[in-house]
There are 2 protein chains.
Amino acid sequence: MDTNRMMSLASLIKARDSGKAKPELMVALCRDAIARNDDRIRAFTHLAPPSAVPGDGPLAGVAIGVKDIFDSFDQPTTFGSIAYEGFQPLVDAAIVELARRRGASIIGKTATTEFAFFSPAPTVNPRNPAHTPGGSSSGSAAAVAAGMIPAAIGTQTGGSVVRPAAFCGVTGYKPSFRLLPTTGMKHFSPSLDTVGLFAAGVEDVALLAALLTGRDLAVPGEFPGFDPANIRVGLYRCAQLETADPAMRSALERAADLAADAGFDVGEIGEPEALARARDAHKTIQDHEAGLACGPDLARYREQMSQVLVRTIEAGQAIAPSDYDAARRRAKHGRNATSALFREVDILLTPSAPGAAPLGLETTGDPRFNKLWTLMGTPAINIPGFRDEAGMPLGIQAVARFGQDKTLLAVAAMLERAFRA
Amino acid sequence: MDTNRMMSLASLIKARDSGKAKPELMVALCRDAIARNDDRIRAFTHLAPPSAVPGDGPLAGVAIGVKDIFDSFDQPTTFGSIAYEGFQPLVDAAIVELARRRGASIIGKTATTEFAFFSPAPTVNPRNPAHTPGGSSSGSAAAVAAGMIPAAIGTQTGGSVVRPAAFCGVTGYKPSFRLLPTTGMKHFSPSLDTVGLFAAGVEDVALLAALLTGRDLAVPGEFPGFDPANIRVGLYRCAQLETADPAMRSALERAADLAADAGFDVGEIGEPEALARARDAHKTIQDHEAGLACGPDLARYREQMSQVLVRTIEAGQAIAPSDYDAARRRAKHGRNATSALFREVDILLTPSAPGAAPLGLETTGDPRFNKLWTLMGTPAINIPGFRDEAGMPLGIQAVARFGQDKTLLAVAAMLERAFRA
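Residues numbered from 1 in each chain as written. Chains lettered and ligands numbered in written order. Predicted model: local features only at pLDDT ≥ 70, side-chain atom pairs only at ≥ 80, totals over all residues. Heavy atoms only, no water.

- The name an unreviewed UniProt entry gives chain A is Asp-tRNAAsn/Glu-tRNAGln amidotransferase A subunit family amidase, with Hoeflea halophila as the organism.
- Check the Sequence similarities (unreviewed entry) section of the UniProt entry for chain A; it says "Belongs to the amidase family." (UniProt positions renumbered as here; feature names shortened; annotations may be inferred.)

**Points about the overall build of chain A**
Alright, step 1. From N to C terminus, chain A includes 13 helices and 11 strands.
Alright, step 2. By the compact-globule yardstick of 22 Å for 421 residues, chain A fits well, its C-alpha radius of gyration being 20 Å.
Alright, step 3. Viewed in the frame of its principal axes, chain A has a C-alpha envelope of about 55 × 55 × 40 Å.
Alright, step 4. Within chain A, contacts between residues at least 6 apart in sequence are counted, and of these 78% link residues at least 24 apart.
Alright, step 5. With the model as given, the accessible surface of chain A reaches about 14700 Å², and the carbon-plus-sulfur share is 51%. (Helix = DSSP H or I, 4+ residues; strand = E, 2+ residues; numbered from the N terminus. Rg over C-alpha atoms; globule rule 2.2 N^0.38 Å. Contact = heavy atoms within 4.5 Å. Areas by Shrake-Rupley, 256 points an atom, 1.4 Å probe, with all protein chains shown as cover.)

**What to know about the packing of aromatic side chains**
Alright, step 1. Evaluated as defined, the whole model comprises 18 aromatic pairs over all chains.
Alright, step 2. Where Y84(A) meets F87(A), the ring centres are 5.9 Å apart and the plane angle is 65 degrees; that geometry is what we call edge-to-face.
Alright, step 3. Note on F386(B) and F419(B): the rings are 4.9 Å apart at their centroids and 50 degrees apart in plane angle, and the pair reads as tilted. Placement of F386(B) in strand β10 (residues 380–387) and of F419(B) in helix α13 (residues 405–420) is noted, with a sequence separation of 33 residues between them. Comparing F386(B) with F419(B), the two get one shared label, buried. (Phe/Tyr/Trp six-rings, centres within 6.5 Å; stacked < 30°, edge-to-face > 60°. Buried < 20%, exposed > 50% of the residue type's maximum accessible area, 1.4 Å probe, protein only.)

**Brief notes about the packing of helix α8 (residues 273–293) of chain A against helix α11 (residues 321–344) of chain A**
All names here are of chain A.
Alright, step 1. One can describe the packing of α8 onto α11 by two numbers: an axis separation of 8 Å at closest approach and a directional angle of 140 degrees. With respect to α11, the axis of α8 lies oblique. Here α8 runs over α11; the crossing is left-handed. Residues A274, L275, R277, A278, D280, A281, T284, I285, H288 and E289 of α8 form the contact with α11, whose participating residues are P321, D323, Y324, A327, R328, R330, A331, H333, G334, A337, T338 and L341. (Axes fitted to C-alpha atoms, helices over the stretch in contact; angles between N-to-C directions. Parallel < 35°, antiparallel > 145°, perpendicular 65-115°, else oblique. Left-handed = near helix turned anticlockwise from the far one by under 90°.)

**Concerning the relation of the copies chain B and chain A**
Alright, step 1. Least-squares fitting of chain B to chain A yields an RMSD of 0.0 Å, with the superposition described by an axial translation of 0.0 Å and a rotation of 180 degrees. Taken together, the turn and the small shift mark the pair as related by a two-fold rotation axis.
Alright, step 2. Here 100% of the contact residues of chain B are again contact residues in chain A; the copies associate through an equivalent surface. (Least-squares fit on C-alpha atoms with pLDDT ≥ 70 in both.)

**Structural notes on the side chain of S119(A)**
All names here are of chain A.
Alright, step 1. The topology assignment puts S119 in the loop between β3 (105–110) and α4 (138–145).
Alright, step 2. There is a polar contact of 3.2 Å between the side chain of S119 and the side chain of S306.
Alright, step 3. In contact with S119, not counting residues within four places along its chain, are T113, E114, S306 and V308. (Polar contact = N/O pair within 3.5 Å; in protein donor to acceptor, adjacent residues only side chain to side chain.)

**Brief notes about the sheet that holds strand β6 (residues 194–199) of chain B**
The pairing of strands in a sheet happens through backbone hydrogen bonds and is either parallel or antiparallel.
Residues and elements named next belong to chain B.
Alright, step 1. Strand order across the open sheet formed by 11 strands is β1-β3-β2-β4-β6-β5-β10-β11-β9-β7-β8, with mixed pairing between neighbours. In this open sheet, the two edge strands, each paired with only one partner strand, are β1 (44–47) and β8 (265–270). For this sheet the average axis-to-axis angle between neighbouring strands, irrespective of direction, equals 30 degrees.
Alright, step 2. Across 6 bridges, strand β7 (residues 232–237) lies against β8 in parallel orientation. Bridging from a neighbouring strand, Y236 pairs with I269 of β8.
Alright, step 3. Against the sheet, helix α6 (residues 202–213) engages β2 (63–67), β4 (151–156), β5 (171–174), β6 and β10, with an angle of about 130 degrees to β6.
Alright, step 4. Packed onto the sheet, helix α11 (residues 321–344) meets β7, β8, β9 (347–351) and β11 (393–400) and runs at close to 130 degrees relative to β7. (Pairing = 2+ DSSP bridges.)

**Here's the deal with the environment of L298(B)**
Residues and elements named next belong to chain B.
Alright, step 1. Along the chain, L298 turns up in helix α9 (residues 295–301).
Alright, step 2. Looking at L298, the relative accessible area reads 6%, which means it is buried.
Alright, step 3. Spatially, the C-alpha atoms of L298 and L90 are 23 Å apart, while their sequence positions differ by 208 residues.
Alright, step 4. The residues contacting L298, other than those within four sequence positions of it, are M305, V310, I313, E314 and Q317.

**Topic: the interface of chain B and chain A**
Alright, step 1. Across the contact, 36 residues belong to chain B and 36 residues belong to chain A.
Alright, step 2. Summed over both sides, the interface of chain B with chain A buries roughly 3000 Å², with 58% coming from carbon and sulfur.
Alright, step 3. If you look at where chain B meets chain A, you find 2 salt bridges.
Alright, step 4. The partner of R215(B) in a salt bridge is D325(A), and the shortest N-O contact between them spans 2.4 Å.
Alright, step 5. Linking chain B with chain A are 4 residue pairs in polar contact (both at pLDDT 80 or more), by the criterion used here.
Alright, step 6. Counting only elements with at least two residues in the side of chain B that touches chain A, the list comes to α3 (94–101), α8 (273–293), α9 and α11 of chain B. (Buried area = accessible area lost by both parts, 1.4 Å probe. Salt bridge = Lys/Arg side-chain N within 4 Å of Asp/Glu carboxyl O.)

**Some details on the sheet that holds strand β4 (residues 151–156) of chain A**
Residue and element names in this part refer to chain A.
Alright, step 1. Ordered by their spatial adjacency, 11 strands build an open sheet running β1-β3-β2-β4-β6-β5-β10-β11-β9-β7-β8, and the pairing between neighbours is mixed. Two strands bound the open sheet, and with one partner strand each, they are β1 (44–47) and β8 (265–270). With direction set aside, neighbouring strand axes in the sheet form an average angle of 30 degrees.
Alright, step 2. Inspection of the sheet shows strand β10 (residues 380–387) paired to strand β11 (residues 393–400) by 6 bridges, in the antiparallel sense. Within β11, the residue paired with A380 across the bridge is V399.
Alright, step 3. Most of the contacts of helix α3 (residues 94–101) go to β3, to which it runs at about 150 degrees, and overall it touches β2 (63–67), β3, β4 and β6 (194–199).

**Describing the pattern of salt bridges**
Alright, step 1. Considering all chains together, one arrives at 36 salt bridges over all chains under this definition.
Alright, step 2. Here K283(B) and D287(B) are joined by a salt bridge, their closest N and O atoms 2.8 Å apart. With K283(B) and D287(B) both in helix α8 and 4 residues apart, the pair spans about one turn of that helix.
Alright, step 3. D287(B) sits in the buried class, given a relative accessible area of 5%.
Alright, step 4. Salt bridges here are not isolated pairs; linked through shared partners, they connect D74(A), D92(A) and R100(A).

**Focus on the pairing of strand β9 (residues 347–351) of chain A**
Residue and element names in this part refer to chain A.
Alright, step 1. Buried residues dominate β9, accounting for 5 of its 5 residues.
Alright, step 2. Relative to β9, strand β7 (residues 232–237) is paired through 3 bridges, and the arrangement is parallel. Following the sheet pairing, V233 is matched in β9 by I347.
Alright, step 3. Bridge count between β9 and β11: 5 bridges; the pairing is antiparallel. Opposite L349, over in β11, you have A398 as the bridge partner.

**What to know about the nonpolar core**
Alright, step 1. Within the largest apolar cluster, 115 residues are counted, with the highest numbers of intra-cluster contacts made by I64(A), F70(A) and I381(A).
Alright, step 2. Ranked by residues supplied to this core, first place goes to helix α13 (residues 405–420) of chain A with 10 residues.
Alright, step 3. If sequence neighbours within four positions are ignored, I64(A) has contacts with L59(A), A99(A), A104(A), S105(A), I106(A), I107(A), G108(A), A151(A), A152(A), I153(A) and L208(A).
Alright, step 4. I153(B), L217(B), A278(B) and A418(B) belong to the second-largest nonpolar core, a separate cluster that totals 114 residues. (Core = buried A, V, L, I, M, F, W, Y, C linked by side-chain atoms within 4.5 Å.)

**Regarding helix α1 (residues 9–17) of chain B**
Residue and element names in this part refer to chain B.
Alright, step 1. Buried within α1 are the following residues: L9, A10, L12, I13 and R16. Each buried residue of α1 sits inside an arc of 160 degrees when the element is viewed along its axis, so together they form one side.
Alright, step 2. Next to the buried residues of α1 lie α2 (23–41) and α6.
Alright, step 3. Just past α1, the residue G19 takes up positive phi, approximately 85 degrees. (Arc of directions from axis to C-beta.)

Okay, here's the thing in structure tokens:
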């Protein structure tokens, strides 16, 4: 399939700041790209009517697509659910308002699976429309991949940022837990729900995070004083690794080799027992919390919800609090083990998904390589660059210690260049 | 002032289960008490129209008042703000739906300060209407104190459960962080916002928590196998203690003496340096998060918000992320120090507030004795029983280790009996 060139946020901002691109034109370009492409990609559920583009602010001229589980005061918000058709919140979600306050234009709402769970959105994968774009942030990943917008906002409760980014061949960044605010999002599992960002490449997503939050997260091309020999990169030998596709396993080995070639201190690291146990706690925590958080929806809209969602919420409500508490203790032990792990290594490399995007639109793929890191609250990122024999993207996931987002982004930017070279 | 006798949830449930009280009658009694009293107490902002009372469920017949920062699908939800007058959510908050699922009747919405911050509600203190009931859960505490309902739901971000409970002479229980779900509440500071419960006495609030959550939290009159000699109770000598009123300091000393008389292993315990520093981090964390969580309200409704709220949100938006991160690190060190503290002691005793409810309705009092424990996520409870010379309640706060809610409730129930004896 003929894919548009992706829009680089960093290049756009540079053009704007040098006077070569006016904010109004930057947003108009996106509207045009959406008009030309979204009939076949179906990444957007709603487009904002044309309005004045802010001329000021660090994100002036940046058109952002927002996953439709975030409230927006000027656009419908349906959570991917027919139950909420036509729902119009009074105020924005915090991350949406923050983006506007920085000058961004919220150009539209992007498709999500129902309640950001598993029932697919209509979006197709821009790399091959017969394949899923992944989920639940399907539209956010696809809109960036198709070159319609330079940036999008999504969420991850299991693997909903890193996995669709991998399947679509873009960068998806799940920051440390709570680095971006969740107020005004449709919660599924509040102790897991994490706001994440999509952009074409690592430098782009880091710049987006920096300009949104005012944090020192940008990783421009050169890294003065950054010596990869001081960064310990560990190929993570978790038990799941054997379940990945051969193409993905090869890509991961190749990624580690390229990291070594780029000067990083590369080794292998096994999975501590406590982390294997923590992974299994994810489902209990997620489902119990969904039983509470989505109980009100079930009570009012059961007939308008999918069977898989109804069953998951009901099963969550049947989980004994003692089982939930035990799962939280396993998660806590896992976080302690994670802290210990990151004394031995700075960056872990693992697959972003078991393989490339599965054929078909009935499922959005499997979060088995993502959910542990969501539960641990550690920052994680999909680094694009590899492809399988059919040309579909294979994503490598890098993970760092909680709070070490800057290191993660800087290393990922270097690795991305190494992977693409 | 002539105050009604408070309604005991435990007694009502016992009467219901023995067939002496029908759920319908139990709720009707509350409607009647509200009709007779709320013109002067002003605890309710909205009353649900009479409707069918569930005959089944552990909370059948229990009329619950819900702080008006929780969404309710059948009643307006205004967050104590004129900006949201007439707002009607589509679905309940998670805790509201959970209460209904257990059979409770949501009898009305209770008054809150604006956005659960400091601008007072019209509610008066049922013990003396010239005094504040405390805030921000003003209506929830006052409605229980005035004998209008047996149970109410509130929230605490600084001291908004324990303080109004103390001022009104009821039990206010702030569980371990996230024990009760926050989905569908109006957030101010998501890493602090904690759902809490009000009832007449400790046994009542423990039963409410048990029946709501299905957890083993009930503490009926007798405690087989519970030996107070094995429970180390520490009078907490924090620096703030010197700033409490003399009457409060005397009450705390007396509380410690009575605890010793009741057989507990009572001592004194100083405040670790790390906890003093953590207390100071509360404001930075709260305000920065409010800048994000309430930014959308400020963007849309600035003219309809109080000056103090506008200034707080704007100040929060001006806090540098690095200062926020430093405050979160101080909080984390504080949580480690709290864990260490609770290896030396099982229960801490501190004032619930600097003294009795201040005269006047212009302020809701000072959370200086509460906010540290909100930040630490530890369970805390106001134990009523003491009074000052004017007959106004003086509350003693008990605090336990995170997750030790059952121990806290069991000890508090014994202490309550000792205080009242």
